[in-house]
Amino acid sequence: MSRECMESVRNFKVDRGSVALWWLGQMGYLIKTPAGTLFSVDAYLTNSCKKVGDSIGLNLDRRVPIFIEPEELEVNHFLCTHSHGDHADPETIARLRPSAVETFVGPGLACETFDQCGVEKSKVQQVYPGGKTQFSDVTLHGTFALPTDDGELTHMGYVLAIENGPRVYISGDTDYHELLAHVRRLEPDMMITCMNSGFNNMSHWEAAELAGLIKPKVAIPCHYDMFPDNAADPQLFRAALRFKAPDVRFEQLDYVKPFVFKS
Ligand SMILES: [Fe+2]
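Below is a short write-up of the structure. (Residues numbered from 1 in each chain as written. Predicted model: local features only at pLDDT ≥ 70, side-chain atom pairs only at ≥ 80, totals over all residues.)

### Notes on the overall build of the chain
- When you go through the chain residue by residue, the secondary structure sums to six helices and 14 strands.
- The C-alpha radius of gyration computed for the chain amounts to 17 Å, which stays within 12% of the reference 18 Å derived for 263 residues, consistent with globular compactness.
- Viewed in the frame of its principal axes, the chain has a C-alpha envelope of about 50 × 45 × 35 Å.
- Per-residue burial for the chain yields a buried fraction of 47% across its 263 residues. (Helix = DSSP H or I, 4+ residues; strand = E, 2+ residues; numbered from the N terminus. Rg over C-alpha atoms; globule rule 2.2 N^0.38 Å. Buried ≥ 20, exposed ≤ 12 C-beta atoms within 10 Å, placed from the backbone.)

### Focus: helix α5 (residues 204–214)
- A large share of α5 lies buried, amounting to eight of its eleven residues.
- Listing the buried residues of α5 in full gives H204, E206, A207, A208, E209, L210, A211 and I214.
- Of the residues trailing α5, K215 is marked for its positive phi of about 55 degrees.

### Regarding the pairing of strand β10 (residues 167–170)
- Along β10, one buried face is formed by R167 and Y169 and the opposite face, lined by V168 and I170, is buried too.
- Bridge analysis of strand β9 (residues 156–162) against β10 gives four bridges, and the strand direction is antiparallel. When the sheet's bridge partners are listed, Y158 is paired in β10 with I170.
- Once β9 ends, the chain turns through four residues before running back antiparallel as β10, passing N164 with a positive phi of about 50 degrees.
- Where β10 meets strand β11 (residues 190–194), three bridges bridge the pair, whose relative direction is parallel. Its bridge partner lying in β11, V168 is registered against M190. (Pairing = 2+ DSSP bridges.)

### Side note on the packing of α5 against helix α6 (residues 234–244)
- Axis separation between α5 and α6 bottoms out at 8 Å; the angle between their running directions is 40 degrees. Classified by the interaxial angle, the pair formed by α5 and α6 is oblique. Crossing hand, α5 versus α6: right-handed. Each of H204, W205, A207, A208, E209, A211 and G212 in α5 lies in contact with α6, whose residues at this interface are L236, F237, A240, L241, F243 and K244. (Axes fitted to C-alpha atoms, helices over the stretch in contact; angles between N-to-C directions. Parallel < 35°, antiparallel > 145°, perpendicular 65-115°, else oblique. Left-handed = near helix turned anticlockwise from the far one by under 90°. Contact = placed C-beta atoms within 7 Å.)

### Observations concerning unusual backbone geometry
- Its identity is not glycine, yet D42 carries a phi of approximately 50 degrees, on the positive side.
- On the secondary structure map, D42 appears in the loop between β3 (38–41) and α2 (49–55).
- Of the residues examined, D42 has 29 C-beta atoms within 10 Å and is grouped as buried.
- The backbone of S197 sits at a positive phi, close to 70 degrees, despite the residue not being glycine.

### Describing α6
- Those residues of α6 not exposed but buried are F237, A240 and L241. Buried residues of α6, viewed axially, fall in a sector of 110 degrees; they line one side. Opposite the packed face of α6, turned more than 90 degrees from it, sit the exposed residues Q235, R242 and F243. (Arc of directions from axis to C-beta.)

### Here we look at the sheet that holds β9
- Strand order in the open sheet made by the seven strands is β7-β8-β9-β10-β11-β12-β13, with mixed pairing throughout. At either margin of the open sheet sits one strand with a lone partner, and together these are β7 (132–135) and β13 (249–250).
- Pairing of β11 with strand β12 (residues 218–222), which is carried by five bridges, proceeds in the parallel orientation. Across the sheet, the residue bridging to C194 is C222, located in β12.
- Packed onto the sheet, α5 meets β10, β11 and β12 and runs at close to 155 degrees relative to β11.

### Details of the environment of F144
- As for its placement among the helices and strands, F144 is situated in strand β8 (residues 138–144).
- What makes F144 partly exposed here is the crowd of 19 C-beta atoms within 10 Å.
- F144 sits 91 residues away from Q235 along the chain, and the two C-alpha atoms are 26 Å apart.
- In this structure F144 touches P129, L179, L180 and H182, once residues within four positions along its chain are discounted.

### Digging into the sheet that holds strand β4 (residues 75–79)
- Read from one edge to the other, the open sheet built from seven strands follows the order β6-β5-β4-β3-β2-β1-β14, with strand pairing classed as mixed. Since the sheet does not close on itself, it has two edges, and those belong to β6 (124–126) and β14 (259–262), each with one partner. Geometrically, the sheet is characterised by an average inter-axis angle of 20 degrees between neighbouring strands, direction not taken into account.
- Bridging between strand β5 (residues 101–106) and β6 involves three bridges; their strand directions are parallel. Of the residues in β6, the one forming a bridge with G106 is Q126.
- On top of the sheet, helix α4 (residues 108–116) reaches β5 and β6; it is set at about 165 degrees to β6, its chief contact.

See below:
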């Protein structure tokens, strides 16, 4: 299953002017471009948060299957939005085949995690909100995210701007702040957003408010499904969009089923 899943992503052809996404649960996505460039974002491919949850009295036992084992993952660029275990998972990173990833990309503390997991320094690229980096046919913009607690202060989001194609915004874990609306200037077509409220992430209402300011064509909820103690109903986000961003289309993705968007 795991190998077949990775294989089908690798063999998938993305048409010019399009982007393809596969959801892996929580904030984990594979994103593929027409040139065949493959990114992972916040790939959480183990159950390592369970132990952490058990130690602090939280149920963080994953309830989404692992669709791709870390040893099977093969991407050009491995992106993380911050260093929390469900985003830059040390066990996932340590189990990746060294040759399977060209570049590990993230803000400061995520880069420390890459380093602690034995990733070669030459493969790590630190990025920051407001900056941009070119990866093949994609300009990767770093976006602002407001940390959800004082234990991790280097949160960020990304806009992947595909050459002559769509632009995908992924929020990262973030509390609501009006500065998030700066993403409007990057004109994303799609907005993938947290909306779970839990642990100080944006609520469904705040995420819808932000969608109204950023004005993407499509809004996709995530980060509501993985843990019993951090779950939320994505339909609340759909309903809130009707009030706060009525022109934005709600899309709830199925796991590991290609979602293709054409600009
Ligand atoms: Fe998270």
